[in-house]
Amino acid sequence: MFAPIINSLIPLSLCIATGYLMNARKFLSLKTWQQLDKLNYYVLFPALLFLNLATAQMDLAQFSLAITVVLSVLLGVSAAIFIAYVVFKIHSDHIGVYIQSAIRFNTYVGLALVASLFDELGMVLFSLIIALFIPLINVISVISLTLKQGFDVRVLMMNLLKNPLIVACILAMAFNVSPLNLVVGIEQFLRQLASASLPLGLLCIGAALQFRLNAGEFSIIVANSLIRLIGVPLLAYGLWWGLMGLIGKLSRCFLRYPPHRRRIH
C-alpha cells in the first residue's frame, strides 16, 4: 500500500536534496535562485495550472473532494487557533506565523506527488483544489497576520487578483466552460512550459531550506506537525466520507425516482 507513495517520494526528495546541495556548494547565487523561483511562480506554474484545468472534464465528485479540502482547512484553522490560545498561550503578535504553518502547503511538492501517483486525473483534481484553496489561504493568512492592526479589504482583493496562480485558475475555468478549444500549437507551448515547472520548483525548495530550531519552540512545532500530518488528514477523510455518502444517497434517489416519473400531489 505504501510502496507507491514511497517510490513517488524518492524522486521528489532527491530533487529537493539536489537543490539544497547546489545552494550549499554555491553552484548558483542566491539572486539567481530567487529569479528562478520568480520565473516559476509567474510563468511556468501558472501555465501548468491553466493547462490542467482548461482541458479537464470535471464532475460533481471532483468538486466534492475539492470542497472537502476547503472545509478541512477551515476546521484545521479553528483547531490551530484554539490550541495556540488555550494550550500554548501564544502571543497574538506570533499567531500569524503559527496559523500559516498549520494551514499552508507547498504546491510544487503536492502537485508533483499527485502527478506521480494519479497521473493526469490527479493533476486535474489537485489543480481544482488549488483554485479553491489559494484564495482561502491568502485571506486567512492576511487576517491572522493583522489581527491587531486590522486589514484593508480592498488591498486584500487586489493582492488576490494579482496572484498569478489565482488568475491562471480563473482563466482556465472560464476557458473550460466556453465553447473554445486550445489550438494545438498553443497547447504544445503550454506543455513545454509546464514540463519545466515541477522539477525547477523542487530544486528551488531545496535551495531555500534552512535547518534551525530553538529549544523553546519544540513543543509548538510538534503540536503543529500533529495537526498537519494527522489532524487535517483525518478531518479530510471524515468529510470526504460524509460528502460521498450524501452524494450516493442523492444519486440513488434520482435513479429511483427520475424527474419524468415523479408526480406532484
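What counts and how
Residues numbered from 1 in each chain as written. Predicted model: local features only at pLDDT ≥ 70, side-chain atom pairs only at ≥ 80, totals over all residues. Heavy atoms only, no water. 1 Å grid on protein atoms, 1.4 Å probe; cavity = no way out; pocket = protein on both sides within 12 Å on 5 of 7 lines; lining within 4 Å. Points joined across faces, edges and corners; volume = space filled by probe spheres on them. Helix = DSSP H or I, 4+ residues; strand = E, 2+ residues; numbered from the N terminus. Nonpolar A, V, L, I, M, F, W, Y, C, P; charged D, E, K, R; others polar. Salt bridge = Lys/Arg side-chain N within 4 Å of Asp/Glu carboxyl O. Axes fitted to C-alpha atoms, helices over the stretch in contact; angles between N-to-C directions. Parallel < 35°, antiparallel > 145°, perpendicular 65-115°, else oblique. Left-handed = near helix turned anticlockwise from the far one by under 90°. Contact = heavy atoms within 4.5 Å. Phe/Tyr/Trp six-rings, centres within 6.5 Å; stacked < 30°, edge-to-face > 60°. Buried < 20%, exposed > 50% of the residue type's maximum accessible area, 1.4 Å probe, protein only. Core = buried A, V, L, I, M, F, W, Y, C linked by side-chain atoms within 4.5 Å.

Draft legend 1. Summary view of the layout of surface pockets. Its volume calculated, the second largest pocket comes out at about 390 Å³. What lines the second largest pocket is a set of 18 residues, and nearest its centre among them are Tyr41, Arg104, Phe105, Thr107 and Leu165. For the lining of the second largest pocket, the secondary structure elements donating two or more residues are α2 (30-54), α5 (107-145) and α8 (184-208). At six residues, α5 tops the list of elements feeding residues into the lining of the second largest pocket. When the residues that make up the lining of the second largest pocket are grouped by side-chain class, the tally is 11 nonpolar, five polar and two charged.

Draft legend 2. Spotlight on the pattern of salt bridges. Evaluated as defined, the whole model comprises one salt bridge. Here Glu187 and Arg191 are joined by a salt bridge, their closest N and O atoms 3.0 Å apart. Taken together, the positions of Glu187 and Arg191, both in helix α8 and four residues apart, correspond to about one turn of that helix.

Draft legend 3. Focus on the packing of helix α1 (residues 3-24) against α8. Between α1 and α8, the shortest axis-to-axis distance is 6 Å and the interhelical angle comes to 50°. Classified by the interaxial angle, the pair formed by α1 and α8 is oblique. The two elements α1 and α8 cross, and the hand of that crossing is right-handed. In contact with Leu12, Cys15, Ile16, Thr18, Gly19, Tyr20, Met22 and Asn23 of α1, α8 contributes Leu202, Leu203, Ile205, Gly206 and Ala207.

Draft legend 4. View of the packing of aromatic side chains. What the rule picks out here adds up to two aromatic pairs. Between Tyr41 and Tyr42, the ring centres sit 5.0 Å apart and the planes meet at 90°, which makes this aromatic pair edge-to-face. With a relative accessible area of 27%, Tyr41 lands in the partly exposed category.

Draft legend 5. Representation of the environment of Ala56. Within the secondary structure, Ala56 is located in the loop between α2 and α3 (60-87). Judged by its relative accessible area of 7%, Ala56 falls in the buried class. In this structure, the C-alpha to C-alpha distance between Ala56 and Glu120, residues 64 residues apart in sequence, is 9.2 Å.

Draft legend 6. The nonpolar core, seen in detail. Phe45, Leu48, Phe50, Leu111 and Ile130 are the most contacted members of the largest nonpolar core, which has 33 residues in total. Ranked by residues supplied to this core, first place goes to α5 with 11 residues. Core analysis: the second largest hydrophobic core is formed by 11 residues, Ile99, Leu125, Phe133 and Ile140 among them.

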